[in-house]
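Okay, here's what each chain looks like letter by letter:
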Amino acid sequence: MEATASLNERTEPTQSLVARQFDDLEQQRGAAELGMWIFLATEVLFFGGLFLAYTVFRSLYPRDFAAASHHTIVLIGGMNTAILLFSSTLMALAVRAAELRNQTTLIRLLLATAFFGIVFMVLKGIEYYKDWTDHLVPVLNFDWHSPNPGPAQIFFWLYFAMTGLHAIHITVGIFVMLTLALMARTGKFTTGNYTPIEIAGLYWHFVDIVWIFLFPLLYLAGHR
Amino acid sequence: MDQFHLFPPQASTSAQEVDHLYFTLILISLFFITVVFLPILYFCIKYRRGSAADRSNPLNGSNLIEVGWTTLPTLMGLALFGWGAVDYFRIERKPANALQVQVVGKQWMWKVQHAEGKQEINELHIPVDRTIALTLTSQDVIHSFFVPAFRVKQDVVPGKYTSEWFKPTRPGEYHIFCSQYCGTQHAKMIGRVVVMQPEAYARWLQTGEQTESIVRSGERLFYDRGCSGCHSPNSKFHAPLLQGLYRKPVPLADGTMVTADDQYLRDSILQPAKQISAGYDNIMPSFSGHLTEEEIMQLIAYVKSIGREESPDQGKP
Amino acid sequence: MNARVATEIDIRTEGEFARESYLSEHTVRSWLLTTDHKRIGILYLFTILIFFAIASVAAAMMRIELLHPTGGLMTSETYNKLFTIHGTLMVWFFLIPSIPAVLGNFVLPMMIGARDVAFPKLNLTSWYLFVFGGAFATWSLIRGGVDTGWTFYTPYSTTYANSHVISMAAGVFIAGFSTIITGMNFIVTTHKMRAPGLTWFRLPLFVWSLYATSLIMVLATPVLAMTLGLISLERIWGVGIFDPNLGGDPILFQHMFWFYSHPAVYIMILPGMGVVSELIPCFSRKPIFGYPWVGCASMAIAILGFLVWGHHMFVSSQSVYAGMIFSVLSFLVAVPSGVKVFNWTATLHKGSIHFTTPMLYALGFIGLFVIGGLTGLFLAALSVDVHVHDTYFIIAHFHYIMVGGMVTGFMGGLHYWWPKITGRLYPEIWGKLAALTTFLGFNLTFFPLFILGYLGQPRRYHVYPPEFQIFHVLSTAGASILGVGYVMPLIYFIWSAKHGRAAGPNPWRATGLEWQTSSPPPKHNFKETPVVTGKPYDYSAEKDVDLDLANL
């Protein structure tokens, strides 16, 4: 590989898209993708703390966790699983549309992904409301009909911490999708440089995968 | 106790074991220091800039040498690991036939109760040449019971029983430190161990006000707090009998087995729903908050004692 | 390293600065909005020095209090807050960013022939997060401080401590994200932005060590963030995850904390090793001995470092068998560190050794690190650890690693790259004096603590039995010498930035790419992207060069 010429001599048309620290688009795209993967690795470890706590307490109190898990709403959880899986499919198609430089399809798919994200959040909200009326919110209104409510409270604490942290990620994802859809109207992502769509897709799939783990752990723990 | 020392007094059997490994480690350190520092010193003098030393044909690497100085320390490390692990195993495993002492840590004092019932604060009187086993717990934060002269240390964790044992070999007075940071007066959570000749210890036990034994206290609690209302043969409630329970395997409702050790008994008093015995209902109320750590230890001592007496009793009519 | 643009420049005649350097702009705005990795490195330098100063003052006050067995200068509460300040600020606001965020930011892109890091804006964000986190930490100090120790052990920190734990935890939490961003930037930069011809096994060893460090930063720090988050929520709501009375487990906290904090110990030594791997070849004018072994040792340390956290918990009531596994792995993690030391030593053989200030620091590093590392074996040995755990022995051990190792490495690196950073030379004679002073002061401060620890002096005690006093007095005496050793460079560095003689592009005649550009470097580092055609550390001891700055 021959050395690149000095900075100001570059004249290729795509040059304006390349940040000054990169030599070319390919390098820039590789860096962005690797960066996203590393970010996702940190996210895995971040959620990992909660998963560890869940594992420890579930093995300490299997009966209480099973009993508490019965109070989650499997129907809503299941619907949300389907919704996220479907939205992930749409996201994958959006990346494909960007690759094929199909601007209209790209925008529609991004909006659809965001829409299903919103549906997820609405359902989650309904579920949280139900949890509140069932007195399942630790500390604030927790009421558990057992002489020893501690472990069940820990289960619901982890339930709210894990789904809450996940919901924050979904919310961020929705805003990212909407912003990208808005930016896509300028045709920015349909000229061959669709890295932002691609890394947003990675993020969305990751958030989806986290839910795939949360659903069985939190909703199905008590079902044999 | 206040002369100049480089090493703490050796006052227990494990102190000697730990010191042997410690001195070996010092020798190994001196060996490595020699093999690293001497060449550095030598090279620094011989190959200082401008010296006339021969610098031709320098060696910039050799896998043979690298493998050598990777393997040798690895083997040495594994040997040291084995040595430390064997001693550790002995230090961590509670021996049989020990003199039992209950210790409760709280911010910022040690509360000690002997089997005979005698209680003391921040002091531990024990006879020489007897194995002493401490059962430790904390009623607030994590503490750590550390006796440098015995080379033993054990964190004292709330909600949990930990144990520590030693066999003092020399009469005298030694420090007790709390070595896990436990709050404002951590530095003042100190005390002393007094190791005495057996006769002196026996005399010491008789001094002060006469107290009932720890088992007797536990028995009293067992009736006063209503435990006997359910856990007795003629109770109208269906509750497990506790005679002979200690150290026996207990089948649980979820199909698993546990051994009825101190921790199990403690959990059963404070969190009865955690481990339900097979064939019984979850009807026992939690005594969490209704018993002090000392009282729980007394109850457990009582339950242990009715286990022990049971076997000889069996032959009687 | 043979670079195409490398030309032999006579440093005596090349006195002028490059007309356009990264320092040319002087407005505050040009600093606060900069995305230049070199400027961000300097922003970090100033920020961490502030925290270093605060934490050092705390240490000095503690050492004065410890002069007398009954203390007397301060209350227990004040002392507890002082060691907490010292620990939290030194660990998270000085040591972790010290070499990576200051020297790493400054030289890593130049070492690999890049114009900047992969994500310059994120790089600046990282500094702002760091400042923001530091502000939270400082705020918690101003409001009255924290008394949990830097380890935040539960249930003390969650239920019993009456101090500003949450704002301190928030500060560390935020600073953690700045660390993650730095790590991510370094990994991507190293993967994607190396100059043509710069293959992995031609990388300078400092880059290898930063890469290994970054892996730890990226994978361990999020666990700390989650742990601190749980502590804060636990303090607010008291759900009981760490509270045994509510069914929680205080030991779970220790596992989570040390899962981060043990690898973090390697964040606080690997970069120092990397610096030394640059200094030793340069000042013995020889290629480093066993290059691939030294590079791979960094990776081995980073990976094994994730598997040894339980050695902080041998007496915590964790299972005996877990203790054994953690012990054997801890012995193994010592091996790659040993390999590095042996290779540095072998590098000196048949070299032409120049005793410049950076070299004195590098040799000091080896000496102190060897002692720190060997005493690590004492702690890995289970039965000995039961005795010395939570005593001054451990204090002495980790200060030998973190101060004797990392800070010495940082000082060595700072002296080495100072001509590159400022374009000016520091006064060599003062540099040597400071290096010797810190070395002597350090040993006097911390060596007595090994003896004190084996005698049984627990850590975090401000009153102690009178027979321990002699060692405390020695240590305090040493600390005052050490203090002088740290103040000296501060003075002459500031002086030299203005009045030092011009350094020229390569005063050390070093081979790294960062020396192939002017000092201070231009904004985008290189006029032309360099091309690398050979191995690093292409020095020859048979050719005599004059590197004594006093002669320049």
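Bear in mind the structure is a predicted one, so any value in this text is a computation, not a measurement.

Core analysis: the biggest nonpolar cluster contains 329 residues, and Phe150 of chain B together with Trp92 of chain C have the highest contact counts within it. If you tally residues by element for this core, the top one is helix 3 (residues 76–111) of chain C, at 21 residues. Setting aside residues no more than four positions away along its own chain, Trp92 of chain C makes contact with Pro97, Phe130, Trp150, Phe152, Val172, Leu224, Phe257 and Tyr260 of chain C. Counting 25 residues, the second-largest nonpolar core is a separate cluster that includes Tyr246, Ala260, Tyr264 and Phe287 of chain B.

With that out of the way, let us pick up empty space enclosed by the protein. This model, assessed by the stated rule, comprises 8 cavities of 30 Å³ or more. Approximately 1000 Å³ is the volume found for the largest cavity. In this structure, the largest cavity is lined by 47 residues; those nearest its centre are Gly372, Gly373, Gly376, Leu377 and His397 of chain C. Of all the secondary structure elements, the ones that give two or more residues to the lining of the largest cavity are helix 1 (13–46) and helix 2 (63–92) of chain B together with helix 8 (250–267), helix 11 (320–348), helix 12 (357–380) and helix 14 (392–422) of chain C. Considered class by class, the residues forming the lining of the largest cavity number 29 nonpolar, 14 polar and 4 charged.

What follows is about the interface of chain A and chain B. Taken residue by residue, the interface counts 4 residues in chain A and 6 residues in chain B. Among the residues chain A hides against chain B, the three largest losses belong to Arg63, Pro147 and Asn148 of chain A. Together they make up 68% of the total. There are 0 salt bridges connecting chain A and chain B. Scanning the region where chain A abuts chain B turns up 0 residue pairs in polar contact (both at pLDDT 80 or more). The residue makeup of the side of chain A that touches chain B, split by class, is 2 nonpolar, 1 polar and 1 charged.

Residues and elements named next belong to chain B. Entries for chain B in the domain assignment read domain 1 (8–41 + 77–211) and domain 2 (214–311). A C-alpha centroid distance of 30 Å is found between domain 1 and domain 2. Domain 1 puts 18 residues into the contact, and the matching count from domain 2 is 10 residues. Taken together, both faces of the contact between domain 1 and domain 2 bury some 1200 Å²; the carbon and sulfur share is 52%. At the junction of domain 1 with domain 2, the criterion picks out 1 salt bridge. Here Lys111 ties to Glu294 by a salt bridge, and the two come within 2.7 Å at their closest N and O atoms. The tally of links from domain 1 across to domain 2 stands at 5 residue pairs in polar contact (both at pLDDT 80 or more).

Residues and elements named next belong to chain B. With mixed pairing, 5 strands are arranged side by side in an open sheet as 3-2-1-5-8. Edge positions in the sheet fall to strand 3 (119–121) and strand 8 (162–166), since each has one partner strand and no second. When the angles between neighbouring strand axes are averaged without regard to direction, this sheet yields 25 degrees. Pairing between strand 1 (residues 99–106) and strand 5 (residues 132–138): 7 bridges, direction parallel. Bridge pairing in strand 5 links Gly105 to Ser138.

Bringing the sheet that holds strand 7 (residues 152–156) of chain B into the picture now. Residues and elements named next belong to chain B. If you walk across this open sheet you meet the 5 strands as 4-10-9-6-7, and the pairing is mixed. Each end of this open sheet is capped by a strand with a single partner; those strands are strand 4 (123–127) and strand 7. Put simply, the sheet's adjacent strands are angled 20 degrees from each other on average, direction ignored. In this structure, strand 6 (residues 143–147) lies alongside strand 9 (residues 172–178), joined through 2 bridges in antiparallel fashion. By the bridge assignment, Phe146 is partnered in strand 9 with Phe177.

Residues and elements named next belong to chain A. Relative to the helices and strands, Asp208 is located in helix 6 (residues 195–219). The side chain of Asp208 is buried and forms no salt bridge, while Lys124, the nearest opposite charge, is found at 13 Å. Among the polar contacts listed, one links the side chain of Asp208 to the side chain of Ser88, at a separation of 2.8 Å. With near-sequence residues (within four places) excluded, Asp208 lies in contact with Leu84, Leu85 and Ser88.

Definitions and cut-offs
Residues numbered from 1 in each chain as written. Chains lettered and ligands numbered in written order. Predicted model: local features only at pLDDT ≥ 70, side-chain atom pairs only at ≥ 80, totals over all residues. Heavy atoms only, no water. Core = buried A, V, L, I, M, F, W, Y, C linked by side-chain atoms within 4.5 Å. Buried < 20%, exposed > 50% of the residue type's maximum accessible area, 1.4 Å probe, protein only. Helix = DSSP H or I, 4+ residues; strand = E, 2+ residues; numbered from the N terminus. Contact = heavy atoms within 4.5 Å. 1 Å grid on protein atoms, 1.4 Å probe; cavity = no way out; pocket = protein on both sides within 12 Å on 5 of 7 lines; lining within 4 Å. Points joined across faces, edges and corners; volume = space filled by probe spheres on them. Nonpolar A, V, L, I, M, F, W, Y, C, P; charged D, E, K, R; others polar. Buried area = accessible area lost by both parts, 1.4 Å probe. Salt bridge = Lys/Arg side-chain N within 4 Å of Asp/Glu carboxyl O. Polar contact = N/O pair within 3.5 Å; in protein donor to acceptor, adjacent residues only side chain to side chain. Domains from an automatic or database assignment. Pairing = 2+ DSSP bridges. Axes fitted to C-alpha atoms, helices over the stretch in contact; angles between N-to-C directions. Lys, Arg positive; Asp, Glu negative; His and termini not counted.

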